[in-house]
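What the coordinates show
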There are 2 protein chains.
Amino acid sequence: MAQKPSIPKGTRDFSPNEVIKRNYITGIIQKHFQVFGFQPIETPSFENSETLLGKYGDEGDRLIFKILNSGDFISKVDDYTYSSKDSTSLGPKITEKALRYDLTVPFARYVVMHRNEIEFPFKRYQIQPVWRADRPQKGRFREFYQCDADVVGANSLLQEVEFIQLYDAVFSDLKLQGVTIKLNNRKILSGISEVIGAKHLLVDFTVALDKLDKIGREGVEKEMLNKGISEAAIEKVAPLFSLSGTNLEQLDALGLMLKTSEEGSAGVEDLRFIVQTVEQLGLEVAKLEIDVTLARGLNYYTGAIFEVSAPKNINMGSIGGGGRYDDLTGIFGLNDVSGVGISFGLDRIYLVLEELELFPESIEQSLEVLCLNFGEKEALASLKLISTLRKAGVKADLYPSDAKIQKQFKYANNRKVPYVILIGAEELAKNTFVVKNMMDGGQKSFDLERPEEFVQDL
Amino acid sequence: MAQKPSIPKGTRDFSPNEVIKRNYITGIIQKHFQVFGFQPIETPSFENSETLLGKYGDEGDRLIFKILNSGDFISKVDDYTYSSKDSTSLGPKITEKALRYDLTVPFARYVVMHRNEIEFPFKRYQIQPVWRADRPQKGRFREFYQCDADVVGANSLLQEVEFIQLYDAVFSDLKLQGVTIKLNNRKILSGISEVIGAKHLLVDFTVALDKLDKIGREGVEKEMLNKGISEAAIEKVAPLFSLSGTNLEQLDALGLMLKTSEEGSAGVEDLRFIVQTVEQLGLEVAKLEIDVTLARGLNYYTGAIFEVSAPKNINMGSIGGGGRYDDLTGIFGLNDVSGVGISFGLDRIYLVLEELELFPESIEQSLEVLCLNFGEKEALASLKLISTLRKAGVKADLYPSDAKIQKQFKYANNRKVPYVILIGAEELAKNTFVVKNMMDGGQKSFDLERPEEFVQDL
């Protein structure tokens with residue numbers, strides 16, 4: 001019996017309409033990556049296991065898909081290990097390769113392996129799928145694309161400025177108004193924990209602060225007390241809860257609060273430079289906002305931290321993020337290479353554009369012209385015309401059989417074809433073709449010898 | 001100690017120059033797929049194992065990469081199977097998913113699962129990587145892209161005509177002269193084996209015939225005799241060894257030889273229609289050639305068989321191929337859906353274009369304009385100019401630090417940047433910028449308020 005087919009949970013088929021819309025987004029992202037001077041690289045879908053394992057914490061290691069060794073994989077397992085029947089010790093003996101979990105670690109591996117042929121500073125972009133054995137749920141998949149741009153080997157804060165401009169350029173081109181780019185700096189978070197005398201509690205402290213939106217000032221303070229931060233210390237960071245005014249005014253307040261911390265002050269100065277430079281250059285659609293509660297990727301970012309929020313009227317998490325990390329390639333033996341990068345969340349951007357109906361209408365016209373098929377002789381004349389249209393770049397097709405005309409028109413409607421061409425016996429005799437405009441129903445006749453007149457009309 | 005990183009054998013990193021060239025090829029293929037009315041789909045990188053296994057023969061099954069189940073995979077293996085310590089019986093118990101081996105089986109699975117939302121005839125294209133655990137060797141990889149276009153649900157031979165035009169359009173756009181599209185039909189091969197009274201020896205017979213180029217007529221006849229084909233039978237197909245003249249003349253000779261075989265005659269008539277129609281429509285760069293020795297994919301093609309050869313002066317196997325298969329989706333329970341499709345060999349086309357130096361020169365200019373960096377104040381003025389250039393679609397960048405000017409020029413040279421912009425203290429005072437043409441060394445000054453004058457110059 002034939003199988004009833006299905007696909008693995010957490011994966012997706014993309015139908016034409018979806019692929020076209022996804023390509024619309026990645027096409028715009030890619031265009032701006034290029035215009036900003038980034039160069040594309042691609043890395044293999046699977047890496048040697050040791051390249052990936054241990055880079056994302058224990059939870060990450062569990063979520064990495066491992067590829068079973070080919071051939072007689074089990075014969076290479078020693079009897080002692082085999083007798084344990086233990087997945088943890090058996091796994092590494094029967095797998096050598098694993099699907100990539102993100103684009104950052106493979107990029108670091110790439111930089112180290114190719115360091116002699118790379119021109120530094122190296123600005124690279126990479127748009128490829130990644131895989132995670134996460135529990136699938138709404139908006140979370142086991143296969144999804146990442147769209148990353150990073151610069152390695154450049155310490156200048158102008159890089160951070162450029163990434164903010166890049167976000168703005170992409171969202172502007174996507175006609176997405178109301179996006180907010182939130183900006184923080186790990187040095188500021190460090191500085192705060194230093195000022196309150198709880199440097200070792202940096203993570204606890206930022207986790208609590210991160211909840212300000214949800215649980216309010218009182219809730220955050222309560223959680224800080226529970227974590228062992230003193231009341232006197234909490235008093236010192238009171239300004240955090242009432243930051244207001246422009247970005248520069250907030251930075252002034254932070255600067256005062258952190259004046260005794262060298263690291264904190266440096267973080268404030270970094271952000272001041274970024275904010276001032278961005279203000280001088282101007283943004284098209286995005287808003288830049290200092291957000292000291294922003295603590296994503298705290299375990300690897302060492303400088304600026306970015307996160308992009310969808311417009312406020314949309315219920316959606318972040319649609320992008322990034323930051324500066326000071327030692328990306330150290331894990332592979334190349335030290336002192338500073339990096340900074342951002343990522344675009346393709347799936348979420350897709351949902352936002354869908355909800356706000358921001359995809360261009362013409363995107364659904366995967367076919368511009370359909371020639372109806374009235375039989376062999378007429379079809380041949382149609383094919384000649386179609387050849388000419390295609391050479392002019394027009395997406396044109398012939399209905400592949402002389403089915404009932406009604407059926408052919410139905411096909412044209414379903415594929416949202418704007419123009420249908422008719423070459424029946426009568427037209428053939430007169431050496432003409434008739435174009436029917438499917439939007440307004442209008443018809444127009446053209447000379448088969450002068451198809452360019454129709455092309456100009458398009 | 002830091003790891004010395006490497007990548008799995010048979011996989012590749014693609015550096016910017018390679019990605020750009022690969023994208024140039026797939027971009028052209030994709031453009032023509034669309035112009036010919038094909039729509040894109042994408043399927044997941046891994047499928048349920050039962051979707052893939054058993055579809056490519058025993059050898060294929062061995063070459064499919066299996067993904068180890070996540071979590072405590074071994075606890076689900078019964079003790080009996082475990083005690084055997086046998087890879088063949090253990091494998092299926094610890095893997096449920098596998099990386100796709102080609103795009104055809106996932107496409108068939110897609111068509112069956114989505115049949116209620118698909119408009120038939122369905123013309124789809126798909127450009128995605130596939131994985132095979134093959135022994136890596138020169139030109140054979142464990143991860144590579146396939147570029148496929150297929151039509152399902154259309155029986156007309158006009159589809160075959162279109163695919164020949166499509167090959168021609170793509171290779172014409174790639175400026176690749178001298179490509180030969182070889183054409184055969186399984187019905188002709190069947191007819192021949194019928195005429196010689198050795199229908200059951202079809203495969204042996206075509207395997208022998210396939211070697212005509214290499215071992216000559218005598219060699220082929222000897223091999224046929226060895227396989228049990230009689231001398232009298234071989235005599236009947238003598239015309240095969242001396243086919244000459246135009247395609248239509250060769251088809252006439254074949255028609256005579258196969259006149260007693262209904263199937264063989266039908267095959268000849270099919271090819272006659274295809275050849276005649278293609279002749280009326282004309283081809284730009286490719287040559288269409290009947291080749292009765294062509295027997296690729298004999299176990300699944302049921303009608304036309306295509307294969308594309310690189311220009312004769314290039315030592316390279318086929319750079320594309322395809323054919324008609326009458327029951328693609330039957331394995332998944334949807335019968336009577338005829339399909340026909342072709343594939344482009346990306347890696348080989350790349351090598352051919354490289355060898356013939358057919359990549360456009362401008363392809364290496366991933367950056368059009370580099371602004372040198374003379375310090376903070378000058379850099380800010382440069383960034384403003386760069387913003388304007390980028391908005392006009394120019395790939396422009398600022399060197400990220402005020403390094404020695406010689407170093408910055410070296411970077412521009414290595415990245416093959418055609419224009420370098422200088423805004424030093426002097427220019428800033430005069431509100432101008434200087435453009436240095438890196439090809440001829442010429443310099444020209446522009447007003448910082450009117451960057452559009454430079455853009456027009458580009």
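Rules of the game
Residues numbered from 1 in each chain as written. Chains lettered and ligands numbered in written order. Predicted model: local features only at pLDDT ≥ 70, side-chain atom pairs only at ≥ 80, totals over all residues. Heavy atoms only, no water. Helix = DSSP H or I, 4+ residues; strand = E, 2+ residues; numbered from the N terminus. Buried < 20%, exposed > 50% of the residue type's maximum accessible area, 1.4 Å probe, protein only. Areas by Shrake-Rupley, 256 points an atom, 1.4 Å probe, with all protein chains shown as cover. Lys, Arg positive; Asp, Glu negative; His and termini not counted. Charge placed at Lys NZ, Arg CZ, Asp CG, Glu CD. Pairing = 2+ DSSP bridges. Axes fitted to C-alpha atoms, helices over the stretch in contact; angles between N-to-C directions. Contact = heavy atoms within 4.5 Å. Phe/Tyr/Trp six-rings, centres within 6.5 Å; stacked < 30°, edge-to-face > 60°. Lys NZ or Arg CZ within 6 Å of the ring centre and 35° of its normal. Least-squares fit on C-alpha atoms with pLDDT ≥ 70 in both. Polar contact = N/O pair within 3.5 Å; in protein donor to acceptor, adjacent residues only side chain to side chain. Buried area = accessible area lost by both parts, 1.4 Å probe. Salt bridge = Lys/Arg side-chain N within 4 Å of Asp/Glu carboxyl O. 1 Å grid on protein atoms, 1.4 Å probe; cavity = no way out; pocket = protein on both sides within 12 Å on 5 of 7 lines; lining within 4 Å. Points joined across faces, edges and corners; volume = space filled by probe spheres on them. Nonpolar A, V, L, I, M, F, W, Y, C, P; charged D, E, K, R; others polar. pLDDT = per-residue confidence, 0-100. Core = buried A, V, L, I, M, F, W, Y, C linked by side-chain atoms within 4.5 Å. Domains from an automatic or database assignment. Parallel < 35°, antiparallel > 145°, perpendicular 65-115°, else oblique. Left-handed = near helix turned anticlockwise from the far one by under 90°.

This next bit is on the overall build of chain A. Within chain A, the regular secondary structure consists of 18 helices and 16 strands. For the C-alpha atoms alone, the extent of chain A along its principal axes is close to 95 × 70 × 45 Å. Taking all 458 residues of chain A together, 58% fall into the buried category. As displayed, chain A offers around 19700 Å² of accessible surface, 47% of which is attributable to carbon and sulfur atoms. Separation between the mean location of the 55 positive side-chain charges and that of the 66 negative ones in chain A comes to 5 Å.

Two pairing modes exist for strands in a sheet, parallel and antiparallel, and in both the strands are linked by backbone hydrogen bonds. All names here are of chain B. Strands sit in the order β13-β12-β14-β15-β16 across an open sheet of five strands; the sheet is mixed. Where the open sheet ends on each side, the last strands, each with one partner, are β13 (396-398) and β16 (443-447). Shown here is a sheet whose adjacent strand axes are inclined to one another by a mean of 25°, direction ignored. In the sheet, strand β12 (residues 369-371) pairs with β13 via three bridges, with the strands oriented parallel. Bridge pairing in β13 links Val 369 to Ala 396. Lying over the sheet, helix α15 (residues 376-391) contacts β12, β13, β14 (419-422) and β15 (432-437), oriented at roughly 165° with respect to β13.

So, on to the packing of aromatic side chains. Enumeration according to the criterion identifies 39 aromatic pairs over all chains in this entry. Relative to Tyr 125 of chain B, the ring of Phe 33 of chain B lies with its centre 5.2 Å away and its plane at 40°, an arrangement referred to as tilted. Placement of Phe 33 of chain B in helix α1 (residues 16-35) and of Tyr 125 of chain B in strand β5 (residues 122-131) is noted, with a sequence separation of 92 residues between them. Both residues of the pair, Phe 33 of chain B and Tyr 125 of chain B, count as buried. Seen from their ring centres, Phe 433 of chain B and Phe 446 of chain B are 5.5 Å apart, and the 20° between their planes marks the pair as stacked. Highlighted residues: Phe 433 of chain B in strand β15 and Phe 446 of chain B in strand β16, separated in sequence by 13 residues. An identical accessibility class is assigned to Phe 433 of chain B and Phe 446 of chain B; each is buried. Aromatic rings pair up to connect Phe 33, Phe 38, Tyr 125, Phe 163, Tyr 167, Phe 171 and Phe 344 of chain A into one cluster. A cation over an aromatic ring shows up here: Arg 12 of chain A above the ring of Phe 141 of chain A, its NZ or CZ 3.4 Å from the ring centre.

In the superposition of chain A on chain B (RMSD 0.1 Å, axial shift 0.0 Å), the rotation amounts to 180°. The transformation just described matches what one would write down for a two-fold rotation axis. By C-alpha distance to the rotation axis, the residue of chain A lying nearest is Ile 67 of chain A, at 2.2 Å. A shared interface surface links the copies, since 100% of the contact residues of chain A are contact residues in chain B too.

Locating Gln 165 of chain A in the fold gives a position in helix α7 (residues 158-173). Only 2.8 Å separates the side chain of Gln 165 of chain A from the side chain of Ser 387 of chain B, close enough to count as a polar contact. Discounting residues that sit within four places of it in the chain, Gln 165 of chain A has contacts with Phe 36, Leu 281 and Leu 283 of chain A together with Ser 387 and Arg 390 of chain B.

This part is about the interface of chain A and chain B. Taken together, the contact pairs 109 residues of chain A with 109 residues of chain B. Carbon and sulfur atoms supply 58% of the area that chain A and chain B bury against each other, a total of about 9100 Å² over both sides. Counting across the chain A and chain B interface gives ten salt bridges. Lys 85 of chain A is the partner of Asp 79 of chain B in a salt bridge, and the nearest nitrogen-oxygen pair spans 3.2 Å. Taken together, chain A and chain B are joined by 44 residue pairs in polar contact (both at pLDDT 80 or more). With eight residues, helix α15 (residues 376-391) of chain A is the largest single contributor of residues to the side of chain A that touches chain B.

Enumeration according to the criterion identifies 60 salt bridges over all chains in this entry. Close ionic contact of Lys 123 of chain B with Asp 397 of chain A constitutes a salt bridge, the shortest N to O distance being 2.7 Å. Remark: Asp 397 of chain A occurs in strand β13 (residues 396-398) and Lys 123 of chain B occurs in strand β5; the pair is interchain, linking two chains. Of the residues examined, Lys 123 of chain B reaches a relative accessible area of 4% and is grouped as buried. On the accessibility criterion, Asp 397 of chain A (3% relative accessible area) is buried.

Residues and elements named next belong to chain B. With mixed pairing, the eight strands of this open sheet are ordered in space as β1-β5-β6-β11-β10-β9-β7-β8. The outermost strands of the open sheet, each flanked by one partner alone, are β1 (39-40) and β8 (287-290). Bridge analysis of strand β7 (residues 180-185) against β8 gives four bridges, and the strand direction is parallel. Along β8, the bridge assignment pairs Thr 180 with Lys 287. Lying on the sheet, helix α14 (residues 346-355) is in contact with β6 (143-152), β10 (318-325) and β11 (339-344); it crosses β10 at an angle near 145°.

Now for the environment of Asp 402 of chain A. All names here are of chain A. The topology assignment puts Asp 402 in the loop between β13 and α16 (405-414). Overall, Asp 402 belongs to the exposed group, its relative accessible area being 53%. Sequence separation of Asp 402 and Glu 376 is 26 residues, and the distance between their C-alpha atoms is 8.1 Å. In contact with Asp 402, other than residues within four places in its own chain, are Asn 373, Phe 374, Gly 375 and Gln 408.

Enumeration over the complete set of coordinates arrives at three cavities of 30 Å³ or more. Approximately 120 Å³ is the volume attributed to the largest cavity. Phe 14, Glu 143 and Tyr 145 of chain A together with Thr 43 and Gln 128 of chain B are, among the 13 residues lining the largest cavity, the residues nearest its centre. Considering each element in turn, the lining of the largest cavity owes the most residues, three residues, to strand β6 (residues 143-152) of chain A. Residue classes in the lining of the largest cavity are distributed as five nonpolar, three polar and five charged.

Taken as a whole, chain A shows an average pLDDT of 93; of its residues, 99% reach a score of 70 or greater. Both scores are given for the predicted complex: the pTM is 0.95, the ipTM 0.94.

Our focus in this paragraph is the nonpolar core. Grouped together as the largest cluster of nonpolar side chains are 99 residues, with contacts concentrated most on Phe 171, Leu 183 and Phe 344 of chain A together with Ile 421 of chain B. In terms of residue count, α7 of chain A provides more of this core than any other element does, nine residues in total. Residues within four places of Phe 171 of chain A in sequence aside, it is in contact with Leu 176, Val 179, Val 285, Val 308, Ile 319, Phe 344 and Ile 349 of chain A. If you look at the next biggest cluster of nonpolar residues, it comprises 97 residues, including Val 394 of chain A together with Val 195, Ala 198 and Val 237 of chain B.

Another point: the domain arrangement of chain A. By the assigned domains, chain A splits into domain 1 (16-355) and domain 2 (366-457). Between the C-alpha centres of domain 1 of chain A and domain 2 of chain A the distance comes to 51 Å.

This next bit is on the packing of α15 of chain A against helix α13 (residues 262-281) of chain B. Packed helices, taken two at a time, are described by the angle between their axes plus the distance between the axes. Direction vectors running N to C along α15 of chain A and α13 of chain B enclose 45°, while the axes themselves pass 10 Å from each other. Considering the angle they form, α15 of chain A stands oblique to α13 of chain B. For the element pair α15 of chain A and α13 of chain B, the recorded crossing hand is right-handed. For the pair α15 of chain A and α13 of chain B, the contacting residues are Glu 376, Leu 380, Leu 383, Lys 384 and Ser 387 of chain A in the first and Phe 273, Thr 277, Gln 280 and Leu 281 of chain B in the second. Partitioned by chemical class, the residues of the contact of α15 of chain A with α13 of chain B number four nonpolar, three polar and two charged.

Time to look at the environment of Ala 149 of chain A. Residues and elements named next belong to chain A. Tracing the chain through its elements places Ala 149 in strand β6. Judged by its relative accessible area of 0%, Ala 149 falls in the buried class. With residues up to four places along the chain from it excluded, the contact list for Ala 149 reads Phe 33, Phe 38, Arg 124, Tyr 125, Phe 163, Leu 166, Val 340, Gly 341 and Ile 342.

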